[in-house]
Amino acid sequence: MIYLKIMEVLKQDAGILSKRVVNDLLNRGITEYHKKFSEDVIYERVYDVYSTLNYWLDRARPKEEIMKHFSDLGRKRFEDGIPLHEVIMFLMLIKRHLWLYLLEKHFFESSYELLKSLEMNNRVVLFFDRAILAASMGYEDELMKYVESCKEQSLVRKFFNKKK
Amino acid sequence: MSDTNHEGGSMISEKIVQLIKENADTLTNRLCKDLLTREETKGYRKLDKDLVYERVYDVYSRLDSWLAGDKKKGELREHYKKIGMTRYHEGIPLSDVVMALMLIKRHLWLYVQETQFFDSSFQLMQALEFNNRVVLFFDRAIYFTCLGYQEEEEKCGDKSRQGFMSRVFK
């Protein structure tokens, strides 16, 4: 029941939640690299997470699919030149604002709902842990590829310089 | 809601904190076993087992003062940034470090669920609030560790890596 109620909130209020996250993200002194992008781009990125959360939170969703999706997100953010700690903060804020919103709406009243919300909360936290881990792995992977290509280029340069 | 319920509720949070402190050794042993056998944290296998134990134990045994709000946010920032810097010099990949902190949090909550029973709405609400305090604490710990790691990488990394890092941290 709680799960369905939260899914309904995500469906209806993904826009409101996304605006709150964008506002928070762009006003924090610790997320300066996100400011290189327009508000619309950031909004779209946040909205994309909220609007697909019901898909990701489905118990039938294989862990590998989550890992692949967020690992690709990490790679893309590397290409964007955003430091990893900001990528992590981006995902943490999405999780945090969802929770604050649910508290604000007095979502959990009865003992049963509270018990279920404790379970649901852990499911959401576990999902974001996986998303953050996968994004970090994808980001690091891309960073290593970049380092290797720099080394190769430097070796090629050295080789041709010797030939000259 | 009666006062008795309130007392019972506030005791939940204290009880959990006490439980973690008193069982830091059990929790640490569980975590070390998981950490040293997982593929996602294989970077830790190159460290001495006793050292890994000590570090995990350090997180669990300090948790009560962090969660009680005895320390300032600045202290948390410095403490975890330093951890990030140390892990960088040990050559442990950042994603392994992130996963390790997540596992410390996960094992903590699994242990609480295994040993505690919340029977009233107020106790459940307190447990939910406590859970979120733990989540927020670890979010901050992960963020600052990552920040410390990346700053050290920028300062000490090899030249090609520095090239990228200075592009990012310009």
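Residues numbered from 1 in each chain as written. Chains lettered and ligands numbered in written order. Predicted model: local features only at pLDDT ≥ 70, side-chain atom pairs only at ≥ 80, totals over all residues. Heavy atoms only, no water.

Structural notes on the overall build of chain A
At step 1: On a plain count of helices and strands, chain A comes out with five helices and zero strands.
At step 2: Along chain A, from the amino end to the carboxyl end, the secondary structure elements read α-α-α-α-α.
At step 3: Taken over the C-alpha trace, chain A has a radius of gyration of 20 Å; the compact-globule value for 164 residues is 15 Å, which it surpasses by more than 25%.
At step 4: Accessible surface, chain A as shown: approximately 8400 Å² in total, 54% of it carbon and sulfur.
At step 5: Within chain A, one finds 28 positive and 25 negative side-chain charges whose respective centroids are separated by 5 Å. (Helix = DSSP H or I, 4+ residues; strand = E, 2+ residues; numbered from the N terminus. Rg over C-alpha atoms; globule rule 2.2 N^0.38 Å. Areas by Shrake-Rupley, 256 points an atom, 1.4 Å probe, with all protein chains shown as cover. Lys, Arg positive; Asp, Glu negative; His and termini not counted. Charge placed at Lys NZ, Arg CZ, Asp CG, Glu CD.)

Points about the confidence of the model for chain A
Fine structural detail should not be taken from predicted coordinates in areas where pLDDT scores are low.
At step 1: Counting all residues, the mean pLDDT for chain A is 88, and 96% of those residues have values of 70 or more.
At step 2: Mean pLDDT across the elements of chain A ranges from a minimum in helix α5 (residues 111-163) of chain A, with 85, to a maximum in helix α3 (residues 63-80) of chain A, with 95. (pLDDT = per-residue confidence, 0-100.)

Comments concerning helix α4 (residues 84-104) of chain A
Residues and elements named next belong to chain A.
At step 1: For α4, with 21 residues, the first-to-last C-alpha span of 30 Å sits near the 30 Å given by 1.5 Å per residue.
At step 2: Burial runs high along α4: 17 of the 21 residues are buried.
At step 3: At the C-terminal side of α4, His106 shows a positive phi close to 50 degrees. (Expected span 1.5 Å × (residues − 1). Buried < 20%, exposed > 50% of the residue type's maximum accessible area, 1.4 Å probe, protein only.)

Side note on the packing of helix α5 (residues 94-115) of chain B against helix α6 (residues 121-156) of chain B
Residues and elements named next belong to chain B.
At step 1: Taken N-terminus to C-terminus, the directions of α5 and α6 make an angle of 165 degrees; their axes are 10 Å apart at the nearest point. Taken together, α5 and α6 sit at an angle that is classed as roughly antiparallel. The hand of the α5/α6 crossing is right-handed. Contacts from Leu94, Val97, Val98, Leu101, Met102, Ile104, Lys105, Leu108 and Trp109 of α5 reach α6 at Ala127, Phe130, Asn131, Val134, Val135, Phe138, Ala141, Ile142, Thr145, Cys146, Tyr149 and Gln150.
At step 2: Here the residues of the contact of α5 with α6 are counted per class, giving 17 nonpolar, three polar and one charged. (Axes fitted to C-alpha atoms, helices over the stretch in contact; angles between N-to-C directions. Parallel < 35°, antiparallel > 145°, perpendicular 65-115°, else oblique. Left-handed = near helix turned anticlockwise from the far one by under 90°. Contact = heavy atoms within 4.5 Å. Nonpolar A, V, L, I, M, F, W, Y, C, P; charged D, E, K, R; others polar.)

Let's talk about the interface of chain B and chain A
At step 1: Taken together, the contacts link 38 residues of chain B with 42 residues of chain A.
At step 2: Regarding the contact of chain B and chain A, the summed buried area is about 3500 Å², with carbon and sulfur atoms giving 64% of it.
At step 3: At the surface where chain B touches chain A, the tally comes to two salt bridges.
At step 4: Among the salt bridges present, the one from Lys95 of chain A reaches Asp139 of chain B, with a minimum N-O distance of 2.9 Å. (Buried area = accessible area lost by both parts, 1.4 Å probe. Salt bridge = Lys/Arg side-chain N within 4 Å of Asp/Glu carboxyl O.)

Details of the packing of helix α3 (residues 49-67) of chain B against helix α4 (residues 73-89) of chain B
Residue and element names in this part refer to chain B.
At step 1: The geometry of α3 relative to α4 is characterised by a closest axis approach of 13 Å and an angle of 170 degrees between their N-to-C directions. With respect to α4, the axis of α3 lies roughly antiparallel. Every residue of α4 that contacts α3 at Arg55, Asp58, Val59, Arg62 and Trp66 is listed here: Glu75, Leu76, His79, Tyr80, Thr86 and Arg87.
At step 2: Residues of the contact of α3 with α4, tallied by class, amount to four nonpolar, two polar and five charged.

Topic: the nonpolar core
At step 1: Among the nonpolar cores identified, the biggest contains 108 residues, and Tyr50, Leu53, Phe70 and Phe127 of chain A together with Tyr60 and Tyr80 of chain B are the most heavily contacted of them.
At step 2: Not counting residues up to four positions away in its chain, the partners in contact with Phe70 of chain A are Trp56, Leu91, Phe127, Ala131, Ala134 and Ala135 of chain A. (Core = buried A, V, L, I, M, F, W, Y, C linked by side-chain atoms within 4.5 Å.)

Let's talk about the state of the cysteines
At step 1: The full count for this structure, using the stated rule, is zero disulfides over all chains.
At step 2: Unpaired in terms of disulfides, Cys146 of chain B finds its nearest cysteine sulfur in Cys156 of chain B, a separation of 16 Å. (Disulfide = S-S within 2.5 Å.)

Looking at empty space enclosed by the protein
At step 1: Applying the stated rule across the entire model yields two cavities of 30 Å³ or more.
At step 2: Looking at the largest cavity, its volume works out to about 140 Å³.
At step 3: Lys95, Trp99, Asn121 and Val124 of chain A together with Asn132 of chain B are the residues nearest the centre of the largest cavity, which is lined by 17 residues in total.
At step 4: Elements supplying a minimum of two residues to the lining of the largest cavity: α1 (2-27), α4 and α5 of chain A together with α6 of chain B.
At step 5: By residue class, the composition of the lining of the largest cavity is 11 nonpolar, three polar and three charged. (1 Å grid on protein atoms, 1.4 Å probe; cavity = no way out; pocket = protein on both sides within 12 Å on 5 of 7 lines; lining within 4 Å. Points joined across faces, edges and corners; volume = space filled by probe spheres on them.)

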